[in-house]
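As a plain string of letters, each chain reads:
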Amino acid sequence: MSIAIPSGLVHNGAGIPDLCSRHGESASVRKPVKFWSKPPAWSYLLIVFGALPFLIVTLILRKEVQAQAWPFCPQCVKLRKNRLIIGISLMALLPLSFVLAGVAGDAGPVLVMLAFFLAIAGLLVVTRGIYRILPWGFASRDGSTVDFPKAHPNFVAAAQAAHAQAMQQYAAWHASQQAAYAQQQAAYQPPQF
Ligand SMILES: [Zn+2]
């Protein structure tokens, strides 16, 4: 299921449920998370001109929404640990391959090449294991919402409830402000001359 949470409610925490977005289970830890927008499709064309123009445009256009305390369940914590261990192990094969290549003779360069690709795969696995990526949320292109395209149904229901509650609280606050203003107006005595 997908859900878009207003960025303000992600930032102040009012729209964040107590469940993780991936598994829909109760949070055991909360971590600060920055949600970034995806680069627009056309920006990938800039890769033709090199990585730098692409990076610059991506950084300029990127919207960021920060959550002070994003919920993660025990499964998320385990997933993170496993991905970091697998990813770092794959990356560690690269220096090992240099050592082995010295004694492998003709097979040496092939060994290093293979280890190089495994190291890149390892880097991708590590990236997918970090707290910023695990919730699978992305700031919208205009930065007004944080979108969760593959959220757990329990998370979606809880986030909708949190949103409704935040709106109610805002409406109550707004009404009390108006009441206070009306009272002020009523109590106001124009000066007599
Ligand atoms: Zn989880």
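These notes cover the structure that comes with them. (Residues numbered from 1 in each chain as written. Predicted model: local features only at pLDDT ≥ 70, side-chain atom pairs only at ≥ 80, totals over all residues. Heavy atoms only, no water.)

### Observations regarding the sheet that holds strand β1 (residues 3-6)
So, point 1. One open sheet accounts for three strands, arranged β1-β5-β4; its pairing is antiparallel. Strand pairing shows two members of the sheet lacking a second neighbour, β1 and β4 (138-139), which therefore form its edges.
So, point 2. Sheet topology places β1 next to strand β5 (residues 145-148); four bridges connect them, and they run antiparallel. In the sheet register, Ile-5 faces β5, and the bridge partner there is Val-146.
So, point 3. Helix-sheet contacts for helix α5 (residues 153-187) involve β1 and β5, and the interaxial angle to β1 is about 30 degrees. (Pairing = 2+ DSSP bridges. Helix = DSSP H or I, 4+ residues; strand = E, 2+ residues; numbered from the N terminus. Contact = heavy atoms within 4.5 Å. Axes fitted to C-alpha atoms, helices over the stretch in contact; angles between N-to-C directions.)

### With respect to the pattern of salt bridges
So, point 1. According to the stated counting rule, one finds one salt bridge in the structure shown.
So, point 2. Notably, a salt bridge pairs Asp-18 with Arg-30, separated by 2.6 Å at the nearest N-O pair. One end of the pair, Asp-18, is in the loop between α1 (7-12) and β2 (29-36); the other, Arg-30, is in strand β2, with twelve residues separating them in the sequence.
So, point 3. Residue Asp-18 is classed as partly exposed on the basis of its relative accessible area, which comes to 47%. (Salt bridge = Lys/Arg side-chain N within 4 Å of Asp/Glu carboxyl O. Buried < 20%, exposed > 50% of the residue type's maximum accessible area, 1.4 Å probe, protein only.)

### Some thoughts on the nonpolar core
So, point 1. With 24 residues, the main nonpolar core has Ile-3, Ile-5, Val-10, Phe-35, Trp-70, Phe-148 and Phe-155 as its most contacted residues.
So, point 2. At the level of secondary structure, the elements contributing two or more residues to this core comprise β1, α1, β2, β3 (64-72), β5 and α5. (Core = buried A, V, L, I, M, F, W, Y, C linked by side-chain atoms within 4.5 Å.)

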